[in-house]
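Now for the letters of each chain:
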Amino acid sequence: MIGRVANKVAMVTGGASGLGEATSLLLAREGARVAVADVAQEAGERLAERIRAEGGDAMFVPLDVSSESAWDAAMAQVQQRCGKLNILVNNAGIAPEGDMEMSFELWRKVMSVNLDGTFLGTRAGIRAMRSSGEPGSIINISSTMAMTAFPTTAAYSASKGGVRSLTKAAAMYCGAHRLPIRVNSIHPGMCVTPLVAGYYENNPEALQAQIDMHPIGHLGTAEDIAEGVLYLASEASRFVLGSELVIDGGFLAR
Ligand code: NAD
């Protein structure tokens, strides 16, 4: 069977854990050569090894998405080793709690990873894909928190709202320049990953309250989101540009 992203080169930021890990595994199983890009070197190398052991093709690339020079180095490494880039998943993100009284330092930290990181990634992705001359797909992982907020998600909601809007601007840019590059965002509802598990480990009531906010009756999994990434990465979504794919068990429909 031919995979849905066979012969494509994919780079997944924050690829070592959670949604990024599930996405790296699925893209590799569907035939892509995957660059797992992350600050977490050990976990990233372990995952690349696991993909290779399964018969896939993967490598680890060290990357702090908030650093412009780190993006230059990481993208050069991918292009040097793989010769091109077709799929970029800007997934790395952090979600520390913080309300309107939070420190400016915390605000800047969230913005630098979630929003600066997605800008730098989208720009680097467009440049790499344009130079490889093949169709490309950039998928930015935003959140339902781009459309709504809790009192403790001030910076997180603002950063993910920024990712949502930036994605549309990037899509318009690619359209205006007739670049064969599609840019779209995904808006996951609450999925059980290391990012959120810590909050709920010792707080079953808060966990139940979260579940109650998802009309489908349960939280999501990393694999639920990876399926959406695969759709946007593959030719099946060839007419999809500047869109926002909500995968949230009905959270926003309430
Ligand atoms: P996670 O904590 O399990 O994984 C995040 C990964 O990003 C980790 O491997 C981490 O090392 C990496 N990372 C963190 N900062 C980085 C940086 N500066 N440079 C490179 N890598 C960095 O988190 P997750 O739940 O898998 O979340 C992935 C993305 O999905 C995030 O953007 C998050 O905001 C978004 N999201 C998650 C949920 C959810 O419920 N889990 C919901 C909506 C959106």
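Residues numbered from 1 in each chain as written. Predicted model: local features only at pLDDT ≥ 70, side-chain atom pairs only at ≥ 80, totals over all residues. Heavy atoms only, no water.

**Observations concerning the layout of surface pockets**
One simple way to see leftover space: roll a probe sized like a water molecule over the atoms. Approximately 1,100 Å³ is the volume found for the largest pocket. In this structure, the largest pocket is lined by 48 residues; those nearest its centre are Ile94, Ala95, Tyr156, Leu195 and Val196. The element contributing the most residues to the lining of the largest pocket is helix H6 (residues 194-200), with five residues. Looking at side-chain class alone, the lining of the largest pocket contains 26 nonpolar, 17 polar and five charged residues. Approximately 160 Å³ is the volume attributed to the second largest pocket. Contributing to the lining of the second largest pocket are Glu68, Trp71, Asp72, Met75, Ala76, Gln79, Leu120, Arg123, Ala124, Arg127 and Ala128. Those elements that place two or more of their residues in the lining of the second largest pocket are helix H3 (68-82) and helix H4 (104-132). (1 Å grid on protein atoms, 1.4 Å probe; cavity = no way out; pocket = protein on both sides within 12 Å on 5 of 7 lines; lining within 4 Å. Points joined across faces, edges and corners; volume = space filled by probe spheres on them. Helix = DSSP H or I, 4+ residues; strand = E, 2+ residues; numbered from the N terminus. Nonpolar A, V, L, I, M, F, W, Y, C, P; charged D, E, K, R; others polar.)

**What about the site of the ligand?**
Taken together, 28 residues lie near the ligand, and Ser17, Asp38, Tyr156, Cys191 and Thr193 sit nearest. In the model, an oxygen atom of the ligand is placed 2.7 Å from a nitrogen or oxygen of the Cys191 main chain. In the complex, 91% of the free accessible area of the ligand, which totals 830 Å², lies under the protein chains. Taken together, the elements giving at least two residues each to the shell around the ligand come down to helix H1 (18-29), helix H5 (154-176) and H6. Of the residues forming the shell around the ligand, the biggest block, three residues, is contributed by H6. Across the shell around the ligand, the residue classes tally to 16 nonpolar, nine polar and three charged. (Near = heavy atom within 4 Å. Polar contact = N/O pair within 3.5 Å; in protein donor to acceptor, adjacent residues only side chain to side chain. Areas by Shrake-Rupley, 256 points an atom, 1.4 Å probe, with all protein chains shown as cover.)

**Considering the packing of H1 against helix H2 (residues 41-53)**
The interhelical angle for the contact between H1 and H2, taken along N-to-C directions, is 25°, at an axis separation of 10 Å. Our classification of the angle between H1 and H2 gives roughly parallel. Where H1 crosses over H2, the two elements pack in a sense that is right-handed. Along its contact with H1, which presents Glu21, Ser24, Leu25, Ala28 and Arg29, the element H2 presents Leu47, Arg50 and Ile51. (Axes fitted to C-alpha atoms, helices over the stretch in contact; angles between N-to-C directions. Parallel < 35°, antiparallel > 145°, perpendicular 65-115°, else oblique. Left-handed = near helix turned anticlockwise from the far one by under 90°. Contact = heavy atoms within 4.5 Å.)

**Focus on the nonpolar core**
Residues Leu27, Ile87, Val89 and Ile139 are the most contacted members of the largest nonpolar core, which totals 31 residues. Those elements giving two or more residues to this core turn out to be strand S1 (9-13), H1, strand S2 (33-38), H2, strand S3 (57-62), strand S4 (87-90), strand S5 (136-141) and helix H8 (222-233). Top element by residues in this core is H8. It accounts for seven residues. In this view, Leu27 contacts Val5, Ala10, Val12, Ala32, Val34, Ile87, Val89, Leu230 and Ala233; residues no more than four positions away in its chain are not counted. (Core = buried A, V, L, I, M, F, W, Y, C linked by side-chain atoms within 4.5 Å. Buried < 20%, exposed > 50% of the residue type's maximum accessible area, 1.4 Å probe, protein only.)

**Some words on the sheet that holds strand S6 (residues 181-188)**
Strand order in the open sheet made by the seven strands is S3-S2-S1-S4-S5-S6-S7, with parallel pairing throughout. Edge positions in the sheet fall to S3 and strand S7 (244-247), since each of these pairs with one other strand and no more. Between one strand axis and the next, the sheet turns by 20° as a mean value, whatever way the strands run. The sheet contact formed by S4 and S5 spans four bridges and is parallel. Counterpart to Asn90 in the pairing with S5 is Asn140. Those strands touched by H1 are S1, S2, S4, S5 and S6, and its axis lies near 170° from that of S1. Against the sheet, H2 engages S2 and S3, with an angle of about 170° to S3. (Pairing = 2+ DSSP bridges.)

**Notes on the packing of H4 against H5**
Two elements in contact, H4 and H5, have axes whose closest approach is 8 Å; the angle formed by their N-to-C orientations is 15°. When the axes of H4 and H5 are compared, the pair comes out roughly parallel. Two packed elements cross with a definite hand, and for H4 against H5 that hand is right-handed. Seen from H4, the contacting residues are Trp107, Val110, Met111, Asn114, Leu115, Thr118, Phe119, Thr122, Ile126 and Arg130; seen from H5, they are Ala154, Ala155, Tyr156, Ala158, Ser159, Lys160, Gly162, Val163, Leu166, Ala170, Tyr173 and Cys174. Looking at the contact of H4 with H5, its residues break down into 15 nonpolar, five polar and two charged.

**Here we look at empty space enclosed by the protein**
Considering all chains together, one arrives at one cavity of 30 Å³ or more under this definition. Surrounding the largest cavity, Thr13, Val65, Asn90, Asn91, Ala92, Val113, Gly117 and Thr118 form its lining. Here the lining of the largest cavity gets three residues from one element, more than from any other, and that element is H4. Broken down by class, the residue content of the lining of the largest cavity amounts to three nonpolar, five polar and no charged.

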